[in-house]
Amino acid sequence: MLSPRTIPFFNYPALFAKQEQQFLEIINDVLRRGAYIMQKDLAEFETSLAQYLGVKHAIGIADGTMALTIGLKATGIEDGSEVIVPSHTFVASAAAINHAGGIPVLADCGLDHLISPASIERLITPKTRAIMPVQLNGRTTEMDVILDIAQNHGLFVLEDSCQALGSKYKGKFAGTFGKAGAFSFYPAKTLGCFGDGGALVTDDDTIAQRAYLLRDHGRGPDGNIWCYGFNARLDNLQAAILKFKLKEYDKDIIRRRELAARYHESLKNLSELCLPPSPDSDDNHFDIYQNYEIEAESRDELRVFLSERGVSTIMQWGGNTLHQFEMLGLKGITTYTEEMTKRFMLLPMNTSLSDEDIDYICECINMFYK
Ligand SMILES: *Cc1c(COP(=O)(O)O)cnc(C)c1O
């Protein structure tokens, strides 16, 4: 019996404290240079990110939502064209489609909570233009199946890989399969900055050139305005922090996979739970565990039980998936998604957790089901 402890769902101050001195040095350096907008730190981060993923272009953008919006606009969808996106995602995925002039059409998810290919096929109409798979919780969906469907129907693929930097399928990084991929550096993301941040990655020169214009008022290197754009640049200060954190990012991924393996070991025998695949479950997937999302019987009671014992949990998107937000009026196939939302929840998953924290959480869960 472990002694009681308090485990917040996320601990920003602890993450800052771990490397406070280095962070302050970076911030001082940038501020002393007065280097705020589109300076060398941004260019250097973009180069490091492109190298990390093995892509031609990484374009720093204000946040993940704008990266998705700019990605869709740069790839080109006509007004009123349909884009297939899972219902189990952040509202930002659908908002980006809407802002780019498209109509989000909702696909179901499978047992691993990622977009279901069978439901995609059933949703394709003459108006469908693109598929936006969401590499949720740090896991990359079976992209060869998605790319086949896209090719057979003349659609393009744009990945919402906001939760999946470093995640791989068959050795290839999330975000690098389709025409372009979007990333988010929101503080709670696996690579988080101290505010909002995002990036679009692509191997396509034309998409990249459009994205560079769109993120900076449509302004080219010559100062001329080539189109209406946005003010959606990634701040240079955030880029400097991200460049530093990216260098050590693989260590964070290793740690997250250790924590996931530890959860798996202690919880796998509970028939009341459906767990995410374990880190070594198959050779095709390399998951980075942005989140540890489980399905639990008596979910609400379990959450109260854990909370009374100092363990904070949350439900992604406040417990709703996109088809449940009535104001948005979105339609699609959501059979399993609807069932899943009655049971889904997130256990704490971040690099400020100790092994003992995970053991304590698992002990509480085991106690609950006894
Ligand atoms: C975080 C996230 C986004 C948007 O990222 P922001 O940087 O917050 O705009 C989009 N899609 C998914 C699945 C996300 O988790």
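Everything below is about the structure shown above.
### Side note on the site of the ligand
Taken together, 15 residues lie near the ligand, and Gly-64, Thr-65, Asp-160, Ser-184 and Lys-189 sit nearest. Taking Gly-64, its main chain carries an N or O atom lying 2.8 Å from an oxygen atom of the ligand. At 2.7 Å from an oxygen atom of the ligand is found a side-chain nitrogen or oxygen belonging to Ser-184. When each cavity is represented as a set of grid points, the ligand is found to reside in the largest pocket. Listing elements by their share of the shell around the ligand, those giving two or more residues are α4 (64-75) and α5 (91-99). Class assignment of the residues belonging to the shell around the ligand gives a composition of five nonpolar, seven polar and three charged.

### A closer look at the layout of surface pockets
Here the largest pocket defines a volume of roughly 600 Å³. Gln-163, Tyr-186, Ala-188, Lys-189 and Trp-317 are the residues nearest the centre of the largest pocket, which is lined by 30 residues in total. Among the elements of the structure, α4 and α5 are those that each provide at least two residues to the lining of the largest pocket. The leading source of residues in the lining of the largest pocket is α4, at three residues. Per-class residue counts for the lining of the largest pocket are 16 nonpolar, ten polar and four charged. Looking at the lining of the largest pocket, you find at least three residues from each of domain 1 (16-246) and domain 2 (249-369). Forming the walls of the second largest pocket are 21 residues, and the residues nearest its centre are Leu-15, Gln-19, Lys-245, Asp-252 and Thr-351. Those elements that provide at least two residues to the lining of the second largest pocket are α1 (12-18), α9 (236-247) and α10 (249-267). Of all the elements, α1 adds the most residues to the lining of the second largest pocket, at four residues.

### Let's talk about the packing of aromatic side chains
The relative placement of two aromatic rings is captured by the distance of their centres and the angle of their planes. Inspection of every chain in the model, using the stated rule, returns 13 aromatic pairs. Aromatic side chains Tyr-263 and Tyr-292 sit 4.6 Å apart centroid to centroid with 20° between the ring planes, which places their arrangement in the stacked category. Taken as a pair, Tyr-263 in helix α10 and Tyr-292 in strand β12 (residues 292-296) lie far apart in primary sequence, 29 residues in all. The rings of Phe-16, Phe-23, Phe-194 and Phe-244 are connected pair by pair, giving a single aromatic cluster. Above the ring of Phe-177, the side-chain terminus of Lys-172 is found at 5.5 Å from the ring centroid. The ring of Phe-305 has Arg-309 sitting right over it, with the charged end atom 3.6 Å from the ring centre.

The rules behind each value
- Residues numbered from 1 in each chain as written.
- Predicted model: local features only at pLDDT ≥ 70, side-chain atom pairs only at ≥ 80, totals over all residues.
- Heavy atoms only, no water.
- Near = heavy atom within 4 Å.
- Polar contact = N/O pair within 3.5 Å; in protein donor to acceptor, adjacent residues only side chain to side chain.
- 1 Å grid on protein atoms, 1.4 Å probe; cavity = no way out; pocket = protein on both sides within 12 Å on 5 of 7 lines; lining within 4 Å.
- Sits in = over half its atoms within 2 Å of the grid points.
- Helix = DSSP H or I, 4+ residues; strand = E, 2+ residues; numbered from the N terminus.
- Nonpolar A, V, L, I, M, F, W, Y, C, P; charged D, E, K, R; others polar.
- Points joined across faces, edges and corners; volume = space filled by probe spheres on them.
- Domains from an automatic or database assignment.
- Phe/Tyr/Trp six-rings, centres within 6.5 Å; stacked < 30°, edge-to-face > 60°.
- Lys NZ or Arg CZ within 6 Å of the ring centre and 35° of its normal.

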